[in-house]
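# Commentary on secondary and tertiary structure
Here is how the chains run, residue by residue.
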Amino acid sequence: MKSNNKLKLIFFCILLTTVISCCGFSTFRGETGTGNANVVTIKTPSDKSKTRLKWSRCFKKTGTTSANSIPVLTKDSIYLVNTNILYELDYNGNIKRQTTLCAKMNSISNMLLEGNYLFIPLSGGIMQCINIQSMSAVWQSEAFGGQSLSTVFYHEGYLYAGSTTVTNGGTSGTFYCLNSADGSTVWTYEDAEHKGGYYWSGGIVYKDTLYFAGDNGYLVSHSLLTPEVYDTCALTDTAKIRAGITFDEETDALYTVSNDGILYQITTEGRQIQQVKKTPIAENARNMNCTSTPTICQGRIYVGGIADNTGIVSIMDAGQMKVIRTIRGAGHAEIKSSPLLSTGGNADGTVSVYVTANSLPGGIYYFTDNKKTTADTLQTLFEPNSAKQFCMSSVTAGSDGTLYYSNDSGTLFAIHETTQTTNEANNDGQKTTLVPPSGKRQEAKTNRLVKKPSKITIRKRKRLVTIKWKKLSAKYQTIVYRKYGSGKWKKKVLKKKKTITWKKKKGKTLHFRLRTRLKVDGRWRYSGYTKIFHLK
């Protein structure tokens, strides 16, 4: 016991002397339990014509889908996990360092940074602590089983999180408290009578009491450091809680949602759950689903979901628990992310609201809101031209207003607003880089400074097809792609030639296109493709 206390004291002395000054979110939504979670005061992009990709980096193998963790931002670095590797990036998207973790992440991983210590939820219900100064492991917790899909909450030297095991009949799971100094288990909680895991949900400390909810629909009031349960309350008998809990200082209440689209306002008396008010997030909807953690600002709740097969963000009055307005997105495009709000640069109380949608192409969508606005449609801020995939990730903001998010392509995007107005503002092909598990860098697919082949002519003589184009310079190489029907593209790189001849297959349509490449600073840069030509 004495050695454990001594270890704790040493740990917190280190924390006090080596605290990193964070300029971004050090955990999912920047949640601290003191209000204003996921609300920033910096100016963020709000003009689509001036918003463009700053850079992007892909952390997957070619041809696969892959999930990234929500990035954690510090003054000098971005930290992100893909599979079982923790990457440290600079703010130009370059990899500075990386380290292999003790297990892979699951479909999400909501890391938490406290001082120099990064706490990472991993598969098997494991939490691992990494010292980001040395990029080395400090400890790993016991395995609580299943998946680590919950948020992580830190309070005065202790960590609170849950695990989920998916079964044929639903889910089960364990909520637990760890000593952040050494990873030892302080207590665990399981509801044997009402089984349910902690799937995208989590806990929050409010008035020296821990509150958490999960798939069984129960809200639990729990002691911080002992196994004692103060109170429980069935928020719903038929649905699951698959969202986090948000505290609002103005109403002095907690808020969460169930996956059938019901918003809950919870007030307490002491450590007891005193009153629960509930209301649908979308009026007159026949079918709803909601796993979006609410964001609250200036008395208004912003929460995403899907209603009658249309993605929505509902704006609700936090005090009166009623819908103010529903912002509609695309069909079959559920808003699973927690809305990011920015009040920066808006003197009239206007907020900019950013979400992602769980459908292709996997971009960022936004709207502005104040007491006078009546807009009811999500606007597109950024959509990738390549690296298109579904998206459950929430958007994070850096101290300079840059927006960061990942979609299921395993690509991290950095989006910013410039003074330029351009039709190519969202062309993510220009700076995309691919990072296999080795961390080796592969070059961008396209670069608008490399010119395409031009003056293309086609001569067909019986079954012989000859293609000719203008040679740009001796430094350029031409890549010719061809395929028949719906088959796969085959390519041929021509270093000096400016013509190629094929013998066409009888009865099959030949498709071909061209691009060029140019070596710059020892690396290949590629042009865009020409249009596809079709020969029957």
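A word on the overall build of the protein chain. Of regular secondary structure, the protein chain possesses 1 helix and 45 strands. Here the protein chain holds 536 residues, and 56% of them are scored as buried. In the protein chain, the proportion of contacts linking residues at least 24 apart, taken out of those at least 6 apart, comes to 54%. Counting only carbon and sulfur atoms, one obtains 47% of the accessible surface of the protein chain, whose full area is about 23900 Å².

Spatial ordering of the open sheet is given by E21-E22-E23-E24, a layout of 4 strands whose pairing is antiparallel. Two strands in the sheet have a free side with no partner beyond their single neighbour: strand E21 (246-248) and strand E24 (272-280). If you compare each strand with its neighbour and ignore which way they point, the axes differ by 30° on average.

Locating Asn216 in the fold gives a position in the loop between strand E18 (209-213) and strand E19 (218-222). Taking relative accessible area as the criterion, Asn216 reaches 14% and is therefore assigned buried. When sequence neighbours within four positions are dropped, the list of residues in contact with Asn216 reads Asp191, His194, Lys195, Gly196 and Thr236. Engagement of the side chain of Asn216 in a polar contact is seen with the backbone nitrogen of Tyr218, the distance being 2.9 Å.

This part covers a positive patch on the surface. Judged by side-chain charge, Arg459, Arg461, Lys462, Lys468 and Lys498 come together as a positively charged surface patch. Its place among the elements puts Lys498 in the loop between strand E41 (490-494) and strand E42 (499-503).

Mapping Asn68 onto the fold places it in the loop between strand E2 (51-58) and strand E3 (72-73). A relative accessible area of 10% means that Asn68 is categorised as buried. A polar contact of 3.1 Å, which involves the side chain of Asn68, links it to the side chain of Ser406. Polar contacts involving the side chain of Asn68 include one to the main-chain carbonyl oxygen of Gly410, which spans 3.1 Å.

In this section: the sheet that holds E3. Read from one edge to the other, the open sheet built from 4 strands follows the order E3-E4-E5-E6, with strand pairing classed as antiparallel. Since the sheet does not close on itself, it has two edges, and those belong to E3 and strand E6 (95-100), each with one partner.

On to the pattern of salt bridges. This model, assessed by the stated rule, comprises 10 salt bridges. Residue Lys54 is joined to Asp400 by a salt bridge in which the shortest nitrogen-to-oxygen separation is 3.6 Å. Note that Lys54 is positioned in strand E2 and Asp400 in the loop between strand E34 (396-397) and strand E35 (403-406), a separation of 346 residues in sequence. For Arg300, the salt bridge goes to Asp369, with nearest N and O atoms at 3.2 Å. Taken together, the residues Arg300 in strand E27 (residues 300-307) and Asp369 in strand E32 (residues 364-369) connect sequence positions 69 residues apart. Arg300 gets classed as buried once you look at its relative accessible area, which sits at 12%. Since its relative accessible area comes to 1%, Asp369 is described here as buried. Members of the salt-bridge network, linked through shared partners, are Glu88, Lys96 and Arg97.

Another aspect to go through is the packing of aromatic side chains. This model, assessed by the stated rule, comprises 19 aromatic pairs. An angle of 10° between the planes, with centres 4.0 Å apart, marks the rings of Phe144 and Tyr176 as stacked. With Phe144 in the loop between strand E10 (136-140) and strand E11 (153-155) and Tyr176 in strand E15 (residues 175-179), the pair connects residues that are 32 residues apart, well separated along the chain. Taken individually, Phe144 and Tyr176 each receive the classification buried, so the pair is uniform in this respect. Summarising the aromatic geometry, the rings of Tyr206 and Phe247 are spaced 5.2 Å apart at their centres and angled 40° between planes, so their arrangement reads as tilted. Taken together, the residues span a long stretch of sequence, with Tyr206 in strand E17 (residues 203-206) and Phe247 in strand E21 at a distance of 41 residues. The class of Phe247 is buried, set by a relative accessible area of 10%. Among the aromatic side chains, those forming a connected cluster through ring pairs are Phe175, Tyr189, Tyr198 and Phe212. It is Arg242 that lies over the ring of Tyr199; its NZ or CZ is 3.8 Å from the centre. A cation over an aromatic ring shows up here: Arg513 above the ring of Trp489, its NZ or CZ 4.4 Å from the ring centre.

On to the environment of Ser393, then. One can find Ser393 in the loop between strand E33 (379-382) and E34. Look at Ser393 and you get buried, because its relative accessible area is 13%. Here the alpha-carbon distance between Ser393 and Asn358, two residues 35 residues apart in the chain, equals 8.7 Å. Leave out the neighbours within four places in its chain, and Ser393 touches Ile70, Ser337, Thr356, Tyr405 and Ser406.

Another point: the side chain of Lys336. Its place among the elements puts Lys336 in the loop between strand E29 (322-331) and strand E30 (340-342). Accessibility expressed as a relative area gives 14% for Lys336, which makes it buried. In this structure the side chain of Lys336 is engaged in a polar contact, spanning 3.3 Å, whose partner is the side chain of Thr291. Those residues in contact with Lys336 that lie beyond four places of it in its chain are Trp200, Asn289, Thr291, Ser292, Thr356, Asn358 and Met392.

How each quantity is defined
- Residues numbered from 1 in each chain as written.
- Predicted model: local features only at pLDDT ≥ 70, side-chain atom pairs only at ≥ 80, totals over all residues.
- Heavy atoms only, no water.
- Helix = DSSP H or I, 4+ residues; strand = E, 2+ residues; numbered from the N terminus.
- Buried < 20%, exposed > 50% of the residue type's maximum accessible area, 1.4 Å probe, protein only.
- Contact = heavy atoms within 4.5 Å.
- Areas by Shrake-Rupley, 256 points an atom, 1.4 Å probe, with all protein chains shown as cover.
- Pairing = 2+ DSSP bridges.
- Axes fitted to C-alpha atoms, helices over the stretch in contact; angles between N-to-C directions.
- Polar contact = N/O pair within 3.5 Å; in protein donor to acceptor, adjacent residues only side chain to side chain.
- Patch = residues over 30% accessible without salt bridge, like charges linked within 9 Å, V, L, I, M, F, W, Y side chains within 5 Å.
- Salt bridge = Lys/Arg side-chain N within 4 Å of Asp/Glu carboxyl O.
- Lys, Arg positive; Asp, Glu negative; His and termini not counted.
- Charge placed at Lys NZ, Arg CZ, Asp CG, Glu CD.
- Phe/Tyr/Trp six-rings, centres within 6.5 Å; stacked < 30°, edge-to-face > 60°.
- Lys NZ or Arg CZ within 6 Å of the ring centre and 35° of its normal.

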